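# Architecture and fold: a report
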Number of protein chains: 2
Amino acid sequence: MRRREHMFDKVVTPSDVGKLNRLVVPKHFAERHFLPQLLPAAGLAAARLAGAVLRFEDSRGGGRAWAFRFSYWSSSQSYVMTKGWSAFVRDRRLAAGDTVSFCRAGARLFIDCRRRRGIPPPAAPKPFVPFMGLVATAQRTTSDEARRQFVRLFGVDLEVAGADEPPVLLDLQLALMR
Amino acid sequence: MRRREHMFDKVVTPSDVGKLNRLVVPKHFAERHFLPQLLPAAGLAAARLAGAVLRFEDSRGGGRAWAFRFSYWSSSQSYVMTKGWSAFVRDRRLAAGDTVSFCRAGARLFIDCRRRRGIPPPAAPKPFVPFMGLVATAQRTTSDEARRQFVRLFGVDLEVAGADEPPVLLDLQLALMR
DNA sequence: GAACTCACCTGGATC
DNA sequence: CGATCCAGGTGAGTT
């Protein structure tokens, strides 16, 4: 058997292992590694990708085979694996932060994954939006990260005006009720 | 050009201008004014609505054109405008309580909107977002206007708690980022 | 009819 | 900056 070459890795996101049942394949990897496989000669002809199936062997001992539908979502300009993917997630208990790894040996494709290393993720305290407030002029009591999170969630920024106020050390918490 | 006939108005809800990116079109208006347009002869055949696009001219001077995807959501049994709608909301800075207005002249459709008049309806005591830890007890420095703006934007109200904090003279400003 | 699947859509982040 | 990418959603169809 030919030597196994590494193609690419992806650290999976919460969406990749969640209810969306799809893995987003970063475009440059998809176009470098999967498209040539599927379209041996011609140009992209993305339309022909409809229904394409990629088959992988499990790098683990079992030699189990996996089949994933691979397609291009033109609305989001991205490549995805859909059908079959969630079975892999379940079987391997893939979690956000883990890494999936794709290799090949000639025409044979292989998939593997490994557990995340290092610090477990910021254990999303969901219903709660931890918000540390704000800022005064002199003393910015809040991390920019917290602030950006607020902006991301609500689409607006909060700003505290009143430069002559004593710097305040407030810790704000915002709980979404519904 | 034919005379412009008024079709219907809707006072938009917080959801209509919020993150759901859709306008709910009251069913009787949808079936009276839009369905005949899309299904000139036949019965409802809701399936044929998939992907229907309605094009409107802006009643404002510019004559700008708007295209909205119009469809039926069987889960909620309601007609909606989806794709394209949020662009209109942004462009016109449409806010909850404002009115959108639909007219036609022959086959041409027109859209317009107008600002809410009068006092904003008693700040819809929606689900409450308890906002803990902040600010003025005796002295509520957050202007009511800022607060109403928040309610308008998010459809929820904020409550300030933390009676034992030293009264702070902060002025919370909501600054729209975009 | 609940759960799953999938094509479509949007906005934040980034280049 | 405008354009692109992609993470996170949605509804509709299927099982």
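Residues numbered from 1 in each chain as written. Chains lettered and ligands numbered in written order. Predicted model: local features only at pLDDT ≥ 70, side-chain atom pairs only at ≥ 80, totals over all residues. Heavy atoms only, no water.

Stated precisely, the cut-off is as follows: UniProt positions are given in the numbering used here, feature names are shortened, and annotations may be inferred rather than shown by experiment.
Chain A appears in an unreviewed UniProt entry as TF-B3 domain-containing protein from Lolium multiflorum. Its UniProt record gives chain A a comment under Subcellular location (unreviewed entry), which states: "Nucleus".

## Some words on the pairing of strand β4 (residues 65-73) of chain B
Residue and element names in this part refer to chain B. Rule in force here: Strand pairing is assigned whenever DSSP identifies at least 2 bridges connecting the two strands. Per the convention used, a helix needs a DSSP run of H or I reaching at least four residues, while a strand needs a run of E reaching at least two, with both numbered from the N terminus.
Relative to β4, strand β3 (residues 53-58) runs antiparallel, the two being bridged by five bridges. Opposite leucine 54, over in β4, you have phenylalanine 68 as the bridge partner. A loop of six residues connects β3 with β4, the two strands running antiparallel in sequence, and glycine 63 in this loop sits at a positive phi of about 70 degrees. Strand direction decides the pairing type here: β4 and strand β5 (residues 78-81), joined by four bridges, are antiparallel. From the neighbouring strand, tryptophan 73 faces β5, where its bridge partner is serine 78. Taking the residues that link successive antiparallel strands as the turn, the β4-β5 hairpin has four residues, and the phi of glutamine 77 there is positive, at about 55 degrees.

## A closer look at the side chain of Asp16(B)
Residues and elements named next belong to chain B. Quick reminder of the rule: Nitrogen and oxygen atoms within 3.5 Å of one another constitute a polar contact, given that in protein one can donate a hydrogen and the other can accept it, and given that sequence-neighbouring residues count only through two side-chain atoms. Contact criterion: two residues are considered in contact whenever any of their non-hydrogen atoms come within 4.5 Å of each other.
Within the secondary structure, aspartate 16 is located in the loop between β1 (5-11) and β2 (23-25). One polar contact links the side chain of aspartate 16 to the main-chain amide nitrogen of valine 24, over a distance of 3.2 Å. Excluding residues that lie within four positions of it along the chain, aspartate 16 makes contacts with Lys10, Arg22, Leu23, Val24, Trp85 and Val89.

## Notes on the protein's contact with DNA strand D
To keep things clear, this is the line we draw: One heavy atom within 4 Å of a molecule or strand is enough for the residue carrying it to be called near that molecule or strand.
Taken together, 15 residues sit near DNA strand D, with Lys10(A), Ser15(A), Arg22(A), Ser76(A) and Tyr72(B) positioned nearest. Restricting attention to atoms of DNA strand D within 4 Å of the protein, one finds that 69% of them are sugar or phosphate atoms. Contact between DNA strand D and Thr13(A): a phosphate oxygen at 3.5 Å from a side-chain N or O atom of the residue. Within the contact set of DNA strand D, a base nitrogen lies 3.2 Å away from a backbone nitrogen or oxygen of Ser76(A).

## Brief notes about the nonpolar core
So the rule is basically this: Nine residue types can take part in a nonpolar core, namely buried Ala, Val, Leu, Ile, Met, Phe, Trp, Tyr and Cys, and a core is a set of them joined through side-chain atoms within 4.5 Å. Between buried and exposed lies partly exposed: a residue is buried under 20% and exposed over 50% of the maximum accessible area for its type, with that area taken using a 1.4 Å probe on protein chains only.
With 29 residues, the main nonpolar core has Val25(B), Phe34(B), Phe70(B), Met81(B) and Phe102(B) as its most contacted residues. Ranked by residue count, the leading element in this core is helix α1 (residues 27-38) of chain B, at five residues. Residues Phe8(A), Phe29(A), Phe68(A) and Ile111(A) belong to the second largest nonpolar core, which totals 26 residues.

## Examining the sheet that holds β5(B)
Residues and elements named next belong to chain B. Definition in use: Helix axes are fitted to C-alpha atoms over the stretch in contact, other axes to C-alpha atoms as well, and angles between N-to-C directions run from 0 to 180 degrees.
The seven strands are arranged β1-β6-β7-β3-β4-β5-β2 in an open sheet whose pairing can be described as mixed. Bordering the open sheet on either side are β1 and β2, each of which pairs with just one other strand. Going from strand to strand, the sheet's axes swing by 35 degrees on average, the running direction of each strand aside. Where β1 meets strand β6 (residues 99-105), six bridges bridge the pair, whose relative direction is antiparallel. Residue pairing across strands places glutamate 5 opposite arginine 104, the latter belonging to β6. In this fold α1 packs onto β1, β2, β3, β4, β5, β6 and β7 (108-114), with an angle of close to 135 degrees to the strand it touches most, β1.

## What to know about the confidence of the model for chain A
All names here are of chain A. The following threshold applies: The pLDDT score gives, residue by residue, the confidence of the prediction method on a 0 to 100 scale.
Confidence along chain A averages 71 in pLDDT terms, with 60% of residues attaining 70 or more. Within chain A, the element-level pLDDT minimum falls on strand β8 (residues 128-130), averaging 29, and the maximum on strand β2 (residues 23-25), averaging 98. Low pLDDT (under 50) marks residues 151-178, which in the prediction has 101 contacts with non-local residues, meaning those over four places away or in another chain.

## Brief notes about the environment of Arg32(A)
Here Arg32(A) lies in helix α1 (residues 27-38). Separated by 24 residues in sequence, Arg32(A) and Phe8(A) place their C-alpha atoms 9.9 Å apart.

## Here's the deal with the pattern of salt bridges
Any two side chains of opposite charge can pair if their charged atoms end up close together. All names here are of chain A. For the record, the criterion: Any carboxyl oxygen of Asp or Glu that lies within 4 Å of a side-chain nitrogen of Lys or Arg is treated as forming a salt bridge with it.
In total, this model carries 18 salt bridges over all chains according to the counting rule given. Between aspartate 112 and arginine 60 there is a salt bridge, with the nearest N and O atoms lying 3.6 Å from each other. Taken together, the residues aspartate 112 in strand β7 (residues 108-114) and arginine 60 in the loop between β3 (53-58) and β4 (65-73) connect sequence positions 52 residues apart. Of the residues examined, aspartate 112 reaches a relative accessible area of 23% and is grouped as partly exposed. Given a relative accessible area of 44%, arginine 60 falls into the partly exposed group. Across the pair aspartate 112 and arginine 92 runs a salt bridge, and its minimum N-O distance is 3.4 Å. Here aspartate 112, found in strand β7, pairs with arginine 92, found in helix α2 (residues 85-92); they are 20 residues apart in sequence, far enough to count as distant. For arginine 92, a relative accessible area of 8% translates into the label buried. Each member of the salt-bridge network shares a partner with another, and the members are Asp58, Arg60, Arg92 and Asp112.

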